[in-house]
Amino acid sequence: MLKKKMNFKDSINSALAFSLKKDKNMICYGLGINDPKSIFGTTKNLSKKFGQNRVFDVPTSENALTGIAVGAAISGIRTVITHQRLDFSLLSMDQIVNSAAKWRYMFGGKLSVPITIRMILGRGWGQGPTHSQNLAPMFCNIPGLKVFMPTFADDAKRLLIKSIFDPNPVIFLEHRWLHELKDEDFLDKKPDSLSSNIISKGSDLTLISMSYLTLEALKAKKILKKIGINIEVVDLISLKPLNISKILKSIKKTNRVLILDTGFPYGSISSEILSLIYKNLNGKLKTSPISLTMPDIPEPTSFFLTKNLYIDHIKVVKTVLKMFKKSMNLKKLKKPEFHDVPGTWFKGPF
Amino acid sequence: MNSNLNFKLYYKMKLFREVELKIAMEYSSRKMRCPVHLSVGQEAVSAAFSQIVRKNDYAVSSHRPHLHYLGKGGNLKRMISEIYGKKTGCSSGKGGSMHLIDTSVNFMGSSAIVANSIPIGTGLALSLKLKNKINVSYIFFGEGALEQGVFYESVNFAAVKKIPAIFVCENNLYSVYTSLKDRQPEKRKNSKMVEAIGIKSFTCNGNNVFECYKIFNKAKQYVSKEKKPVFLEFFTYRHYEHCGPNKDDNLNYRPKNEINSWLKKDPLKNFTNNFTNAHKQKIKILDKEIQKKIKDAFEYAKKSPKPKLSDLRKDIYA
Ligand SMILES: Cc1ncc(C[n+]2csc(CCOP(=O)(O)OP(=O)(O)O)c2C)c(N)n1
């Protein structure tokens, strides 16, 4: 059993508090960091505890603020930036790609850039084309960046601390629908590796997932177990570096693989993993590997248009059944009444 | 107060207020499932704009676009439908409240990303110049956009190229819950700063619709005559939360006395107080017209068909 009963947002908060305490030079900023909503509760009380000099609100200047973090970091001030949506960080691509990711290599290793950029991924309630994108592959494509995407509160805490004390720039992706969740709602035990975790053992299929989709994967596992399909669920956690050996080891055991990806399909995390599987295990699988992603379409706003857009456990179950050429009565599977909210706790609009 | 213009300004302000209040009221039925940023309290700017702008002028806006869209002559029914995610929405349900468009009146779009549409409006101004048009491009944004580099890049370009752009900043003192003091130097005059970049600037009481009208008029004249861009800054205040249908003064991020002093400067109330008893009859008729227009728009939206799932794949490419 997990000891702590902390939800995801409190874990983030606690990781930040721990790090601010441990490194007296560290700073932390982002729009709304100490406003009444404190970035979905993740930065609550931090400026009270550590002072406005270290935890502060900022102008809406994503590009400059990222360069400023690089400048602070190369002179010894670890910096954590938070964007309430990943989409806002796009204004800072120049500083992320041309500065943060380069400042070490480009100068022959003279300096390092210990910054962590937290980005929150939106979903549902009409977040629409510019408030819902998972562009993780874009960041993974950049040499010099690490990209983490935890699912569970416990991982989030350890991984955020690890990111902050990593001497390199880390992109830290948080799914908005995870913030209120507690691990014990989904898990009873958990290994403690910080990359590609096998969070649930099985023998028939390796189900690789990321972030919020891991919860759907676990739900699907439960359902499929009833007809004797035993699924091994691998939560990616670290998108770059990717712990491919652990993934391959699992697939060698199960000989089947399905990948769940919250991003767009072209040049995606799932296609990267698929290509690694082909390169390493070509021909040795019982069924060809499959991935489920978002469609290659900007996310529309309308409730009616997003209806079947997201991957849920029912889609996963259906896909697995196809892979096994099996069937089961799916009528009893309950779809949530509204596909665009994570639960009753979500009162909108963000 | 008897002039036609005053009644027109009243009509627009009242319409804008009532539309936003109706959205706020209906939002709780959880049928408008997208973020909405209301402009209650900020009606004067858009009402004045509506009386100056010409159909062939362009306009673009931000995440808070309802009144700019309506001020430009955008279709009310299609805006409400868009917020309801319906097929008849001005963006076919793809965009929601933050992404409005009505190309029939040259309202060319609004963007949820702060400052995102400023260079786009600048590009529209460039096209007007290249095509030798007498029209102008209105670019609406909040003071938060002044914190983005692209604002300065756009103003600089507009100044260098001498293009007919009217940059319209509605300064409501807050970016979400963050007050100006955390974002911009105290006592800085944005108009002076922008003027130093090289374009003419005016400031205005954004809660006085008549003053707004005069400034928009002045700006239009200036741009037509001088063939140069202008920056306008309107000081105003929102009455509702940054995003959503409620008031959030209980959160205490805005000082009570500040809120109260701005509520006293309510643009609609103050303007309405200027009408004498003799005008009451006319006002009543206008109010009725407004209520009917809004009722029709909401009925239209509610009755409108949902987009089809096949529409999802439409319009990805031209
Ligand atoms: C690039 C970017 N950063 C942050 C946000 C989040 N955000 C949405 S609206 C807003 C407030 C902007 O304030 P202002 O421009 O003054 O407009 P107002 O909301 O006051 O009308 C912010 C920060 C965003 N949409 N885009």
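Up top is the structure these notes are about.
On a predicted model such as this, the values are computed, not experimentally measured, just so you know.

Student: Looking at this model, I keep getting lost on the site of the ligand. Mind explaining?
Tutor: Glu62(A), His63(B), Arg64(B), Ala112(B) and Asn172(B) are the nearest of the 20 residues found near the ligand. Site remark: the ligand is flanked by residues from chains A and B. Measuring from an oxygen atom of the ligand, one finds a side-chain N or O atom of Arg64(B) at 2.8 Å. Here Ala112(B) contributes a backbone N or O atom positioned 2.8 Å from a nitrogen atom of the ligand. If the ligand stood free it would expose 580 Å²; the protein chains cover 95% of that surface. Partitioned by chemical class, the residues of the shell around the ligand number 9 nonpolar, 8 polar and 3 charged.

Student: Before we go on, may I ask you to explain the packing of aromatic side chains in this structure?
Tutor: To describe a pair of aromatic rings, one takes the distance between the centres and the angle between the planes. Residues and elements named next belong to chain B. Considering all chains together, one arrives at 25 aromatic pairs over all chains under this definition. Each ring, one from tyrosine 174 and one from tyrosine 253, has its centre 5.7 Å from the other, and the planes form 85°; the classification is edge-to-face. Linking tyrosine 174 in strand β5 (residues 174–175) with tyrosine 253 in the loop between β8 (230–235) and α9 (256–264), this pair joins segments that are 79 residues apart in sequence. Tyrosine 253 shares its class with tyrosine 174; the two are buried. For the ring pair tyrosine 177 and tyrosine 253, a centre distance of 4.9 Å and an interplane angle of 90° mean the geometry is edge-to-face. Of this pair, tyrosine 177 sits in the loop between β5 and β6 (178–179) while tyrosine 253 sits in the loop between β8 and α9, and the two are 76 residues apart along the sequence. Tyrosine 253 gets classed as buried once you look at its relative accessible area, which sits at 11%.

Student: Teacher, can you tell me more about the nonpolar core here?
Tutor: General note: in soluble globular proteins, nonpolar side chains tend to be found buried as a group. Met79(B), Ile80(B), Tyr138(B), Phe216(B) and Leu232(B) are the most contacted members of the largest nonpolar core, which has 68 residues in total. With 11 residues, the top contributor of residues to this core is helix α1 (residues 4–27) of chain B. Not counting residues within four places of it along the chain, the set of residues in contact with Tyr138(B) comprises Phe49(B), Ile52(B), Val53(B), Asp57(B), Tyr58(B), Ala59(B), Val60(B), Ile166(B), Val168(B), Phe216(B) and Lys220(B). If you look at the next biggest cluster of nonpolar residues, it comprises 57 residues, including Ile12(A), Ala153(A), Ala220(A) and Leu292(A).

Student: I tried to follow the sheet that holds strand β1 (residues 58–61) of chain B on my own but got confused; where do I start?
Tutor: The strands that make up a sheet are held in pairs by hydrogen bonds between backbone atoms, and each pair lies either parallel or antiparallel. Residues and elements named next belong to chain B. Read from one edge to the other, the open sheet built from 6 strands follows the order β2-β1-β3-β4-β8-β7, with strand pairing classed as parallel. Looking at strand neighbours, the two that pair on one side only are β2 (107–110) and β7 (200–205), the edges of this open sheet. Put simply, the sheet's adjacent strands are angled 15° from each other on average, direction ignored. In the sheet, β7 pairs with β8 via 6 bridges, with the strands oriented parallel. If you follow serine 201 over to β8, its bridge partner there is phenylalanine 231.

Student: So what exactly am I meant to see when it comes to helix α5 (residues 118–130) of chain B here?
Tutor: Residues spaced three or four apart along an α-helix face the same direction, because each turn holds 3.6 residues. For α5(B), spanning 13 residues, the distance from its first C-alpha to its last is 19 Å, which sits close to the expected 18 Å at 1.5 Å a residue. With its phi angle positive at about 55°, Asn132(B) sits one or two positions after the end of α5(B).

Student: I'm lost on the interface of chain B and chain A in this one. Help?
Tutor: Frequently, the measure chosen for interface size is the accessible area removed from exposure when the parts meet. Contact with chain B, which involves 40 residues of that partner, is made by 40 residues of chain A. Taken together, both faces of the contact between chain B and chain A bury some 3200 Å²; the carbon and sulfur share is 65%. Looking only at chain B, the three residues that lose the most surface to chain A are Arg33(B), Ile113(B) and Leu312(B), adding up to 23% of its buried area. In this structure, the connection of chain B to chain A is made through 1 salt bridge. Residues Asp340(A) and Arg33(B) are paired through a salt bridge, measuring 2.7 Å at the closest nitrogen-oxygen approach. There are 13 residue pairs in polar contact (both at pLDDT 80 or more) connecting chain B and chain A.

Rules of the game
- Residues numbered from 1 in each chain as written.
- Chains lettered and ligands numbered in written order.
- Predicted model: local features only at pLDDT ≥ 70, side-chain atom pairs only at ≥ 80, totals over all residues.
- Heavy atoms only, no water.
- Near = heavy atom within 4 Å.
- Polar contact = N/O pair within 3.5 Å; in protein donor to acceptor, adjacent residues only side chain to side chain.
- Areas by Shrake-Rupley, 256 points an atom, 1.4 Å probe, with all protein chains shown as cover.
- Nonpolar A, V, L, I, M, F, W, Y, C, P; charged D, E, K, R; others polar.
- Phe/Tyr/Trp six-rings, centres within 6.5 Å; stacked < 30°, edge-to-face > 60°.
- Helix = DSSP H or I, 4+ residues; strand = E, 2+ residues; numbered from the N terminus.
- Buried < 20%, exposed > 50% of the residue type's maximum accessible area, 1.4 Å probe, protein only.
- Core = buried A, V, L, I, M, F, W, Y, C linked by side-chain atoms within 4.5 Å.
- Contact = heavy atoms within 4.5 Å.
- Pairing = 2+ DSSP bridges.
- Axes fitted to C-alpha atoms, helices over the stretch in contact; angles between N-to-C directions.
- Expected span 1.5 Å × (residues − 1).
- Buried area = accessible area lost by both parts, 1.4 Å probe.
- Salt bridge = Lys/Arg side-chain N within 4 Å of Asp/Glu carboxyl O.

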